[in-house]
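Summary of the model geometry
Now for the letters of each chain:
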Amino acid sequence: MYAPEQDRCFYHPNSVAVEKCERWNKLICLKCKRTRKAVHSYSVGTSGYIFCPACYRSIDKRSRKLRIIAYVLIVVIGVGGTFLIIWLMTMVSSNMPTLPEYP
Ligand SMILES: [Zn+2]
Ligand SMILES: [Zn+2]
């Protein structure tokens, strides 16, 4: 049944829109609905964010990039921290009193 007063999906003009993309506020149908679990503490309680397929893809790509950056940071901090510990250990050991040498 055609219902002109009902909102239509942005991607499917023949489908009734049931949700709205949270990024672009585009109306989307059930087929287009993509949800993403809320990971931030301030959004606890919500089932997740609703996106259209295009936004979901771009956000997924961005989060992957962020994951790579986080990984690189962890590696850099880990390696830097290890070097710092080694440096501190050498400093401590060089300050230790040397044993008297036997003739
Ligand atoms: Zn649709
Ligand atoms: Zn969207």
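The structure presented is a predicted model; accordingly, all values stated were derived computationally and were not measured. (Residues numbered from 1 in each chain as written. Chains lettered and ligands numbered in written order. Predicted model: local features only at pLDDT ≥ 70, side-chain atom pairs only at ≥ 80, totals over all residues.)

1. Some thoughts on the overall build of the protein
Formally: In this text, helices come from DSSP runs of H or I with a minimum length of four residues, and strands from runs of E with a minimum of two, each type numbered from the N-terminal end. Each residue is classed by its C-beta neighbour count within 10 Å, where at least 20 other C-beta atoms makes it buried, 12 or fewer makes it exposed, and intermediate counts make it partly exposed; the C-beta atoms are placed from backbone geometry. Note that contacts rest on C-beta atoms placed from the backbone: two residues are in contact if these are within 7 Å.
Along the protein, the regular secondary structure elements total 1 helix and 4 strands. For the protein, the succession of helices and strands along the chain, N to C, is β-β-β-β-α. Counting every position in the protein, which comprises 103 residues, the buried fraction comes to 10%. Look at the contacts in the protein between residues 6 or more apart in sequence, and 22% of them connect residues 24 or more apart.

2. Details of the nonpolar core
So the rule is basically this: Definition of nonpolar core: a set of buried Ala, Val, Leu, Ile, Met, Phe, Trp, Tyr and Cys residues joined via C-beta atoms within 7 Å.
Among the nonpolar cores identified, the biggest contains 10 residues, and these are Cys9, Ala17, Cys21, Leu27, Ile28, Cys29, Cys32, Ile50, Phe51 and Cys52. Going through the elements one at a time, strand 2 (27-28) and strand 4 (49-51) are the ones with two or more residues in this core. If sequence neighbours within four positions are ignored, leucine 27 has contacts with Asp7, Arg8, Cys9, Phe10, Ala17 and Lys20.

3. Here we look at helix 1 (residues 53-95)
Inclusion rule: A helix is expected to span 1.5 Å multiplied by its residue count minus one.
Between its first and last C-alpha atoms helix 1 spans 62 Å; for 43 residues at 1.5 Å apiece the expected length is 63 Å, and the two agree. Across the 43 residues that make up helix 1, only a small minority, 0, are buried.

4. Points about the environment of arginine 34
Residue position: arginine 34 is located in strand 3 (residues 34-36). With 19 C-beta atoms counted inside 10 Å, the residue arginine 34 sits in the partly exposed group. Distance from arginine 34 to tyrosine 56, taken between C-alpha atoms, is 6.6 Å for residues 22 residues apart in sequence. Beyond its immediate sequence surroundings of up to four residues, arginine 34 is in contact with Phe51, Cys52, Pro53 and Tyr56.

5. Thoughts on the environment of valine 18
One can find valine 18 in the segment before strand 1 (19-20). A tally of 16 C-beta atoms within 10 Å means that valine 18 is categorised as partly exposed. As for valine 18 and cysteine 32, which are separated by 14 residues in sequence, their C-alpha atoms are 9.6 Å apart. When neighbours within four sequence positions are excluded, valine 18 is seen to be in contact with Cys29, Leu30 and Lys33.

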